[in-house]
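A look at the structure
These are the residues of each chain, in order.
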Amino acid sequence: MKLGFYPGCSLEGASREYNESVMAIAEEMGIELVSIPDWNCCGATAAHNMDKELSLSLPARNLALAEEAGLTELVVPCAACYSRFCATQHELKHDENLHKKINGIIEKEYKGNLRILNVIQFIEEFIIDKLEDKMKFEINKKVACYYGCLLVRPNKVLNFDRTEDPQTMDAVMKKLGADSIDWAFKTECCGAGFSVSFTETVGRLSGQIIEDAVHRGAEAMIVACPMCHSNLDMRRPEIDKYNKKKSDMPIIYITQAIGLALGIDRKKLGLQRHFVPVKLNDFKPYTKKTEVENPQKMEVE
Amino acid sequence: MARIGVFICHCGENISATVDCAKVAEAAAKFPGVVHSIDYKYMCSDPGQTLVGNAIKEHNLTGVVVSACSPRMHEPTFRRACAEAGLNPYQCEMANLREHCSWVHERNEKTDDKAIDLVRMLVEKVKRNNALQPIKVPVTKTALVIGGGVAGIQAALDIANAGHKVIMVEREPSIGGHMSQLSETFPTLDCSQCILTPRMVEVAQNPNIKLYTYAEIESVEGFVGNFIVKIRKKAKSIDESKCNGCGLCTTKCPNKKNPNEFELGMAKRPAIYVPFPQAVPNIPVIDKTQCTYYKTGKCKICEKVCQANAIQFDQQDEIIEVPVGAIAICTGFDIKKTDFFPEYGYGKHKDIIDGLQFERLASASGPTAGEIRRPSDGQVPKKIVFVACAGSRDPAKGIEYCSKICCMYTAKHAILYKHKVHDGTAYIFYMDIRAAGKNYDEFTRRAIEEDDAKYIRGRVSKIYERDGKLIVVGADTLMGAQTVEIEADMVVLATAGVANQGAEKLAQILHVSYDQHKFFSEAHPKLKPVETNTAGIYLAGACQSPKDIPESVAAASGVAGKISCLFSNSELTREPLIAVVDRLAPPQYSSCTGCFMCQSVCPYNAIEREEIKDRNGNLVKQLAFINPGLCQGCGTCVAVCKSKSIDIEGYTNSQMYSEVDALLNF
């Protein structure tokens, strides 16, 4: 099976492990992810604050290229890229004149037929049904699924999951045998792009997220966005400073969690690249015949 | 020879700002048959009507076309003016230059042309109008009141005290409605039960009122003055004539763990139950979905203990048919439940309750006997947060309208809380304090100044539970929109008031209109606030929009006044706009071939068989005959008649074709 793939800058840079884990589980499931030829920046946080046409043209060119390459589904793991792509598709779908104008700017014909999938939709559609056959371990840990902002908002554009209390990642983690907790900060702001300019603010915002998850006994936090990951992982010193206590709860991508359940080598999943070491192990071997039982709570070493 | 008068109205600027009225009048003067054509600023005003009347006399007019607004409001006005001037009222027609022209177009020549065309069509039609006589029908002087809340009770008592019969139908086992659930009422803090219960008893005792509880409307047929209503009396499994209300069955019932609807799930009740101690009638019903006997075939303890032999397990629903002359809809409202709010936890936190639940907690007859105790662990909350506008005035995620009663009852809740928990603190998050009403603003001031309610102007973005506390996160917009976090023990959401369950279905049964929120629509928002668009059917209380008790009671008395007016006539006058079968000279008698297709499609069973016999009594021909008392003028028979023998008076085929011709052949 062949699906379109847009890595964007994060997956080639700071979040290589996200890319590695997406590729690893895709390979395990026999899915070929084909990068858009000659892809460019999605515009991310900068373009739509500066220039509307630029912010639409950048994703539109990528989408047009994907269509030209004959792709029908496009997997966009980075939540920011996913958000920009969906926003562009939405805006151009609802404004014919704008659509024509943007086509003129990118000198390409973007038709708007592509299905854009975030990583959870990709998992739901192509991975989850095959998990039972391939799972080697149960992720028998207490986890907090953190969605952040871009994955579920704005609901009118994305039409994905419940905005205030999303559940899709929790469902995937439960399938992996994890105890995914009900907590209060699933969609609170992590500080996002202020990571560099207002690091202390990021420390406060991400700090509250980490604190609530740790307080409720989470052994790991599951994310699907490179920005969230870098704030919650890389900014841990600032977070600990805000919370006035050290926390060693690792932040792992949902694709890495799946990789662990599939028994893929930890290096191949890029788990060694995190700032907060991922010590999770002692997973319970998975046997297919029984229904997934309530996961036993095991101590973190 | 037709002599038609045309009267163009400016409707202030409603028409004249877009349509050149003088030009239209001038053009109309040239239409064949038009002998008089003028324009005037307000044709519906007294001088305007006088203009029409004088012109009829002066020019000896045979038809009048008033070119103004929609006929909905003013056709009766102008027909009356024509009648006063000696013209048959059905020789007067209206061309709608406002809704059909000026309001929907720009000012330009094409708009003027369209206005002229509209007038031309009606001139051609009115030339073919016949003088018609109104139809007289009798009135059944019995009113049906649907719903036994405070509005229904008020309407029923007022109508009954005017000397008319009333049938009250209530869906629940007892009358009383939401008001019977309230603790105290704003702005006087008098006890809700204490003022309502005597009125409930009055309903039961009034010889003019027949009360059916645990009953619903099955169907309604007929028309004003002459409705036929079918009422489904749901089986209570109790013989009401035998039951003396001793209550032994409810105390002996072993199956006591069913959610109590009256206490909004905060208490349990037996499977055979009276909803609350002051219920009227004080007769229990068996909840068949919960009763052990109905589920397993064993138990029957209530039957054994009943001294009066009133338990009837095999009782069936009964459908009764009653004739009524008028109907009052008083079906009340409902509120959004806490599970409507994702940001407040989808109703998963036990200590986030809605306003009606708080009423029960504060009520002396409630599950905590009037002590404010939180549902999760029965602790007395020391910090309580009230969230006003939960779901109201929220076009993005809730409903766009203001639920109106919440500002006042939230202030009342804060006062009641402070009266019961002296060392507690009440916070109220609000958007605006809407306290427009007699002594209402003083009441909210009292909450703030005397009872120390902490009002915070801002919205609550989320509420989550942590270590047994509810963390309420909101904004204080009067303090620079800074974030406020309150560690509360309990939260009360003033959830949006919405249409009652089944309102849409009832509206369809009654053929009355309802709005996008499923509230019943009044006939006119200002001038006909208690009437519906269907003659003889009226509205009172919160089934129309959220209303407080005084407003509901006032509307109910208004309805009673309207119905008493209706019943003061011995017969009613109906518009003669009904179907007729043509008649021709013998030997044809009629072009009707007697196929009776019309009979099979008539929704009102108005079509009968008429037999034409010769002098010797031999049957010559069978014709369709339309009963003018039953026909509603819907025109379905006209559409199916193969021989084109049926016409609707006032809308005959020849009139309709003449209108179309006037457009096409010009």
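Keep in mind that what you see is a predicted model, and the values were worked out from it rather than measured.

Conventions adopted
- Residues numbered from 1 in each chain as written.
- Chains lettered and ligands numbered in written order.
- Predicted model: local features only at pLDDT ≥ 70, side-chain atom pairs only at ≥ 80, totals over all residues.
- Heavy atoms only, no water.
- Contact = heavy atoms within 4.5 Å.
- Buried area = accessible area lost by both parts, 1.4 Å probe.
- Salt bridge = Lys/Arg side-chain N within 4 Å of Asp/Glu carboxyl O.
- Polar contact = N/O pair within 3.5 Å; in protein donor to acceptor, adjacent residues only side chain to side chain.
- Nonpolar A, V, L, I, M, F, W, Y, C, P; charged D, E, K, R; others polar.
- Domains from an automatic or database assignment.
- Helix = DSSP H or I, 4+ residues; strand = E, 2+ residues; numbered from the N terminus.
- Buried < 20%, exposed > 50% of the residue type's maximum accessible area, 1.4 Å probe, protein only.
- Lys, Arg positive; Asp, Glu negative; His and termini not counted.
- Axes fitted to C-alpha atoms, helices over the stretch in contact; angles between N-to-C directions.
- Parallel < 35°, antiparallel > 145°, perpendicular 65-115°, else oblique.
- Left-handed = near helix turned anticlockwise from the far one by under 90°.
- Core = buried A, V, L, I, M, F, W, Y, C linked by side-chain atoms within 4.5 Å.

**A few points about the interface of chain A and chain B**
- The interface of chain A with chain B comprises 11 residues on the first partner and 10 residues on the second.
- Together, the buried faces of chain A and chain B total about 940 Å²; carbon and sulfur atoms form 39% of this surface.
- Between the two partners, chain A and chain B, sit 6 salt bridges.
- A salt bridge links Lys462(B) to Glu188(A), with the nearest nitrogen and oxygen atoms 3.0 Å apart.
- Our count for the contact surface shared by chain A and chain B stands at 10 residue pairs in polar contact (both at pLDDT 80 or more).
- Within the side of chain A that touches chain B, the residues separate by chemical class into 2 nonpolar, 1 polar and 8 charged.

**Regarding the domain arrangement of chain A**
All names here are of chain A.
- Split into domains, chain A comes out as domain 1 (2-117) and domain 2 (133-285).
- Between domain 1 and domain 2, the C-alpha centre-to-centre distance is 24 Å.
- On the domain 2 side, the residues contacting the 23 residues of domain 1 number 25 residues.
- Taken together, the two surfaces of domain 1 and domain 2 that pack against each other cover about 2,000 Å², and 67% of this comes from carbon and sulfur.
- Along the contact surface separating domain 1 from domain 2 lie 2 salt bridges.
- Measuring nitrogen to oxygen at the nearest pair gives 2.6 Å for the salt bridge that ties Glu 20 to Arg 273.
- Counting across the interface, domain 1 meets domain 2 through 7 residue pairs in polar contact (both at pLDDT 80 or more).

**Observations concerning the environment of Lys156(A)**
All names here are of chain A.
- Relative to the assigned elements, Lys 156 resides in helix 8 (residues 155-158).
- Take Lys 156: its relative accessible area is 78%, and that puts it in the exposed class.
- Each C-alpha atom, one on Lys 156 and one on Asn 40, is 26 Å from the other, the two residues being 116 residues apart in sequence.

**Overview of the side chain of Glu17(A)**
Residue and element names in this part refer to chain A.
- Among the structural elements, Glu 17 can be located in helix 2 (residues 16-28).
- Buried and without a salt bridge, Glu 17 has Arg 273 as its closest oppositely charged side chain, separated by 5.0 Å.
- With near-sequence residues (within four places) excluded, Glu 17 lies in contact with His 229, Tyr 253, Gln 256, Leu 269, Gly 270, Arg 273 and His 274.

**Remarks on the packing of helix 7 (residues 119-134) of chain A against helix 9 (residues 168-175) of chain A**
All names here are of chain A.
- The geometry of helix 7 relative to helix 9 is characterised by a closest axis approach of 11 Å and an angle of 15° between their N-to-C directions. Judged by the angle between their axes, helix 7 and helix 9 are roughly parallel. In terms of crossing hand, the pair formed by helix 7 and helix 9 is left-handed. Only Thr 168, Met 169, Val 172 and Lys 175 of helix 9 make contact with helix 7, whose side of the interface consists of Ile 120, Ile 123, Glu 124, Ile 128, Leu 131 and Glu 132.
- Classifying every residue of the contact of helix 7 with helix 9 by side-chain character gives 6 nonpolar, 1 polar and 3 charged.

**A few points about the side chain of Thr168(A)**
All names here are of chain A.
- Looking at the element boundaries, Thr 168 is found in helix 9.
- Within polar-contact distance, the side chain of Thr 168 engages the side chain of Asp 161 at 2.6 Å.
- The contacts of Thr 168, once residues within four sequence positions are left out, are Ile 120, Glu 124, Tyr 147, Phe 160 and Asp 161.

**Focus: the domain arrangement of chain B**
- Each assigned domain of chain B is listed here: domain 1 (4-127), domain 2 (142-234 + 317-332 + 500-571), domain 3 (248-305), domain 4 (337-498) and domain 5 (579-648).
- Averaged C-alpha coordinates put domain 1 of chain B and domain 2 of chain B at centres separated by 40 Å.

**Some thoughts on the nonpolar core**
- Ranked by size, the top nonpolar core spans 101 residues in total, and within it Phe122(A), Met173(A) and Met221(A) carry the most contacts.
- Element by element, the count of residues in this core is highest for helix 7 of chain A, at 8 residues.
- Once residues within four sequence positions are removed from consideration, Met221(A) is found in contact with Ala144(A), Tyr146(A), Trp183(A), Ile209(A), Ile210(A), Ala213(A), Leu232(A), Met249(A), Pro250(A), Ile251(A) and Ile252(A).
- Of all hydrophobic cores here, the second largest spans 98 residues; its members include Ile153(B), Tyr589(B), Cys592(B) and Ile626(B).

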